[in-house]
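# Residue-level structure breakdown
One letter stands for each residue in the lines below.
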Amino acid sequence: MSQKPDPSQVQSVSPVGTQSQPVLSTEAGLSEVSGTQDLSMETTAIANGDPEQATAETETEILGVPRKRQFLLPNWQWLGLLLIFLSGGVGFLATSVLLSFNGSNNCSALFLPLASATTRLYCAQIEAEKQTLTSYLKAIRMVSGFSENHPLRADIDRNIEVWVSQIIALAEVEFQAGKLDEAIAMVRDIPEKAGFQAEIEAQITAWEDIWQEGEAILASLQRQLEAGDLSQAMRTVVQLSYLDNRYWATVKYDEAMAQIQLARKETEQLEGAYAALRRGGLENWLQAIAQASNISQDSYAYPQAQRLISDAREKIIDYTDNIIDERRWDDLLALCDRLPDQLNLDNVVVDWRILAQAGLRANQGTVKDLETALVQIQSIQPASAVYDQAQGLISRWQREIEDVALLEQAEELAQGGNIADYERAITQLNRVPSGNPRYDEARQKIRQWRRQIEIAEDSPTLAYAKDLAATNRLQEAIAEARTIQSGRALYNEAQENIRQWRNTIERTEDQPIFDRAVALGQQKRFDEAIAVANQIAPNRVLYDEMQSRVRSWRQEQTAINNLNRAYQVANGNSVSAWVEAINLTQEIPSSASQLRAEGKQAADQWSYRILSVAQSQANISIPQAIATARQIPRNTAAYDAAQTQINTWQRLTTPSPSPQTIDVPTNL
């Protein structure tokens, strides 16, 4: 910045000791000297730089003399007098302004048209020291208007450049605080004659580019949050921190992060709703709707929540259609009471209730109930979503009324309870066509009455067979019961009696064989017992029980053979013989508990014999003793003792580590 001009350098024409007067007092002084109002007006006009106005006013009235009295003097004399007053007034006014200027204290009273460039630059510098937008703009205006070849032009330009940069710096503070419009307005207040329009427009463009970039990032973030792409949203929000603007990099960044955190929380909540939706079933669908309904409208997850509710709505509608098709009216009525308002099914629910109530009434089955149901369901209008289903039910119930009349007539005919009554009732129900609603019920009634006819026809035969069996004439009873044909009502009962009577016959025939085989088995004559038991043929009543005894005898026979073989082998009185004998005893089945216990006892004795041999061998060869002891099988009494002995012998045969040699220094 250039040096401030020294006010003392300004020349003064006032007498020594004369106090300078403010500019505003100059006009009053001139008025007093002239004693006329027109001179004041002239001086003011001259001071304002408009001599034409001063001339016009002077021509109107000079020294208070009206225009009509100007004929006393010629025009050239008036012109001379005017020039005298103009030159004197201007000189006096300029001298008063210069003498009244006294440094910075009077810069506020500076009259720019009459102030020198040095004075204006000095006062502009004083004004700029306030470091406000207004002061910088005022300083620029104070030094504006000088020609390009003015001697102080370089200093003025340097100062203007500094002040413009200071204004831009103040605007930058506003821009960094997030006040773009205020920042632009501040730099646009810089006068065009300051000569920095290109720089100002470039700065505005830079600010707007940063702002637009931030808004574009936020727009992308909003789209990603609405789409539920939180991972991409996290990558996008980081871009805000790279912007060359503190407001975007901090305030807007924190706001965006808070939005992402809220969206993450709500998305997690929505995930639970989606999981319930995927599990399926009415309860899960209602749970999904309840969870999705907790998402507020201003949430980024709200569109997803609404899509979930819409999906659940469609599933519930399909589920309801199935209920109606299956005529589960109780379930439909219960469902209507549970549907939430978020599904917007109020109108449909009204019609569903009508269907359910009419269906329940129709299920009571009488003609009157069906007619009442028809009246109820006919209130469903063509615009309803269930109109087609209602029309189908109307057609069904109308046909059903005819069927019910036939069913009621058949029921009356069957009340007699004899075969002829049942036959007439069946003939009546055969009139129900296969496509009618009550056809299945009619066929069920027909089957029921045919069963009654069959029972009435076959009961005497079965009763006679039972009488024969009671007198022990079982073969005759079986023959009589077999006359009841398959598929008849009493066929299964007849077959069960036949099975019991045949079992009695077979048991009577095979019991002596069974008893003889058991007696031989108790005598341990297993081969003979098995031969006798095989005389009972398969599928006979005692066959399974007899074969169970045979399996037991064979196991016991194997156990005896193994134990005897073990004793024979053990008589070899060698380690290998005892080992083989022990292994034979361990093959005795657990079902032969007595023989297995005997074999266990013998095996323990033989294991100790092996251990004794090993201990004797240790006096000659420990490795041989170890090899012998290791042959003792597991699950024998000497096994643990043998393992302990083996460990002891191994320690004896393992050489001890030699003591380390200690090097003794030779200089000791």
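Details of the structure are given in the entry above.
Residues numbered from 1 in each chain as written. Predicted model: local features only at pLDDT ≥ 70, side-chain atom pairs only at ≥ 80, totals over all residues. Heavy atoms only, no water.

### Points about the overall build of the protein
Short version of the rule: Strands are runs of DSSP state E lasting at least two residues, helices are runs of H or I lasting at least four, and both sets are numbered from the N terminus onward. A simple rule labels every residue: compare its accessible area, found with a 1.4 Å probe on the protein chains alone, to the largest value its type can have, and call it buried under 20%, exposed over 50%, or partly exposed in between. Any two residues having at least one pair of non-hydrogen atoms within 4.5 Å are treated as being in contact. For accessible areas, the Shrake-Rupley method is used with a probe of radius 1.4 Å. Any residue's cover is judged against the shown protein chains and nothing else.
Tallying secondary structure elements over the protein gives 27 helices and 0 strands in all. Taken over 668 residues, the protein has a buried fraction of 38%. The contacts of the protein with a sequence gap of at least 6 include a subset with a gap of at least 24, amounting to 58%. Carbon and sulfur atoms make up 48% of the accessible area of the protein, which totals about 38,400 Å².

### A look at the nonpolar core
Quick reminder of the rule: What makes a nonpolar core is a set of buried Ala, Val, Leu, Ile, Met, Phe, Trp, Tyr and Cys residues whose side-chain atoms join them at distances within 4.5 Å.
With 50 residues, the main nonpolar core has Trp163 and Ile190 as its most contacted residues. Residue assignment for this core shows that the elements contributing at least two residues are helix 5 (117–128), helix 6 (133–142), helix 7 (153–176), helix 8 (180–188), helix 9 (197–227), helix 10 (230–237) and helix 11 (246–279). Among the elements that take part in this core, helix 9 stands out by supplying 9 residues, more than any other. Once residues within four sequence positions are removed from consideration, Ile190 is found in contact with Leu137, Ile140, Val164, Ile167, Gln197 and Ile200.

### Quick notes on unusual backbone geometry
One non-glycine residue, Gln131, lies in the positive phi region at around 55°. Looking at where Gln131 falls in the secondary structure, it is placed in the loop between helix 5 and helix 6. Assessed through its relative accessible area of 56%, Gln131 is described here as exposed. Of note, Asn472 is a non-glycine position whose phi angle comes to about 65°, a positive value. With respect to the helices, strands and loops of the structure, Asn472 is situated in the loop between helix 19 (439–470) and helix 20 (474–481).

### Observations concerning the packing of helix 8 against helix 9
How we decide: In this analysis an axis means a line fitted to C-alpha atoms, helices contributing only their contacting stretch, and an angle means the value between N-to-C directions, from 0 to 180 degrees. Oblique is the label for every angle not falling under 35 degrees (roughly parallel), over 145 degrees (roughly antiparallel), or within 65 to 115 degrees (roughly perpendicular). Each residue is assigned to one of three groups, with Ala, Val, Leu, Ile, Met, Phe, Trp, Tyr, Cys and Pro labelled nonpolar, Asp, Glu, Lys and Arg labelled charged, and all others, Gly among them, labelled polar.
Helix 9 packs onto helix 8 with a crossing angle of 175° between their chain directions and a minimal axis gap of 10 Å. Taken as axis vectors, helix 8 and helix 9 run roughly antiparallel relative to one another. Side by side, helix 8 and helix 9 meet where Leu180, Ala183, Ile184, Val187 and Arg188 of the first sit next to Ile200, Glu201, Ile204, Trp207, Glu208 and Trp211 of the second. For the contact of helix 8 with helix 9, the per-class residue count stands at 8 nonpolar, no polar and 3 charged.

### Examining the side chain of Gln176
Inspection of the secondary structure assignment puts Gln176 in helix 7. Look at Gln176 and you get buried, because its relative accessible area is 12%. With residues up to four places along the chain from it excluded, the contact list for Gln176 reads Asp244, Asn245, Arg246 and Tyr247.

### Quick look at the side chain of Asp351
Test applied: This count recognises Lys and Arg as positive and Asp and Glu as negative, with His and chain-terminal groups excluded. Salt bridges are identified by distance alone: a Lys or Arg side-chain nitrogen within 4 Å of an Asp or Glu carboxyl oxygen.
Turning to its location among the elements, Asp351 is positioned in helix 15 (residues 346–363). Here Asp351 is buried and forms no salt bridge, its nearest opposite-charge partner Arg353 lying at an N-O distance of 10 Å. If near-sequence neighbours (up to four positions away) are discounted, Asp351 is found in contact with Ile380, Ser384 and Val386.

### Let's talk about the packing of aromatic side chains
To keep things clear, this is the line we draw: Any two of the Phe, Tyr and Trp rings considered here, Trp counted by its six-membered ring, make a pair once their centres fall within 6.5 Å; the pair's planes then place it as stacked at under 30 degrees, edge-to-face at over 60, or tilted in between. Distance and angle both matter: a charge sits over a ring if NZ of Lys or CZ of Arg is within 6 Å of the ring centre and within 35 degrees of the ring normal.
Across all of its chains, the model carries 7 aromatic pairs by this definition. Arranged with centres 5.4 Å apart and planes meeting at 20°, the rings of Phe175 and Trp207 form a pair that is stacked. Taken together, the residues Phe175 in helix 7 and Trp207 in helix 9 connect sequence positions 32 residues apart. Note on Trp207: relative accessible area 1%, which makes it buried. Note on Trp285 and Tyr319: the rings are 6.0 Å apart at their centroids and 75° apart in plane angle, and the pair reads as edge-to-face. Taken together, the residues span a long stretch of sequence, with Trp285 in helix 12 (residues 282–293) and Tyr319 in helix 13 (residues 302–325) at a distance of 34 residues. For Trp285, a relative accessible area of 11% translates into the label buried. Clustering of aromatic rings is evident, with ring pairs tying together Phe175, Trp207, Trp211, Tyr247 and Trp248. Above the plane of the ring of Trp248 lies Lys252, whose end atom (NZ or CZ) is 5.8 Å from the centre.

### Some remarks on the environment of Pro340
With respect to the element layout, Pro340 can be found in the loop between helix 14 (329–336) and helix 15. Once residues lying within four places of it in the same chain are set aside, the contact partners of Pro340 are Leu286 and Ile289.

### Thoughts on the packing of helix 13 against helix 14
Formally: Crossings are assigned a handedness: left-handed for a near helix turned anticlockwise from the far helix by less than a right angle, right-handed for a clockwise turn.
Between helix 13 and helix 14, the least distance of the axes is 8 Å, while the angle of their chain directions is 150°. The handedness of the crossing between helix 13 and helix 14 comes out as left-handed. Across from Tyr319, Thr320, Ile323 and Ile324 in helix 13, the residues of helix 14 making contact are Trp329, Asp331, Leu332 and Leu335. Considered class by class, the residues forming the contact of helix 13 with helix 14 number 6 nonpolar, 1 polar and 1 charged.

### What about helix 18 (residues 419–429)?
Since there are 3.6 residues in each turn of an α-helix, residues three or four apart along the chain are aligned in direction. Definition in use: Throughout, the arc means the angular range of directions from the helix axis out to the C-beta atoms. Polar contacts, as used here, are pairs of N or O atoms within 3.5 Å; protein pairs need one atom able to donate a hydrogen and one able to accept it. Residues neighboring in sequence count only if both atoms are side-chain atoms.
Inspection of helix 18 places Asp421, Tyr422, Ala425, Ile426, Gln428 and Leu429 among the buried residues, and these make up the whole buried set. The arc that holds the buried residues of helix 18, viewed along the axis, is 155°, so those residues lie on one side. If you follow the buried residues of helix 18, they end up packed against helix 17 (387–414) and helix 19. Two or three places before Ala420, at the opening of helix 18, Asn418 has a side-chain oxygen 3.2 Å from that residue's backbone nitrogen.

### Remarks on the environment of Leu360
In this structure, Leu360 sits in helix 15. Among residues more than four places away in sequence, those in contact with Leu360 are Trp329, Asp330 and Leu333.

### Looking at the pattern of salt bridges
Two side chains that carry opposite charge are able to pair once their charged atoms sit near each other. Throughout the structure, instances matching the rule amount to 21 salt bridges. Here Arg488 ties to Asp458 by a salt bridge, and the two come within 3.0 Å at their closest N and O atoms. One end of the pair, Arg488, is in the loop between helix 20 and helix 21 (491–522); the other, Asp458, is in helix 19, and 30 residues separate them in sequence. Here Arg525 and Glu528 are joined by a salt bridge, their closest N and O atoms 2.6 Å apart. Within the structure, one salt-bridge network assembled from shared partners comprises Glu326, Arg328 and Asp331.

### Considering helix 9
The condition is simple: The length a helix should cover is 1.5 Å for every residue beyond the first.
The first and last C-alpha atoms of helix 9 sit 44 Å apart over 31 residues, in line with the 45 Å expected at 1.5 Å per residue. Those residues of helix 9 not exposed but buried are Ile200, Ile204, Trp207, Ile210, Trp211, Gly214, Ile217, Leu218, Leu221, Gln224 and Leu225. Of the surrounding secondary structure, the elements contacted by the buried residues of helix 9 are helix 7, helix 8, helix 10, helix 11 and helix 13. A positive phi of about 80° marks Gly228, the residue just after helix 9.

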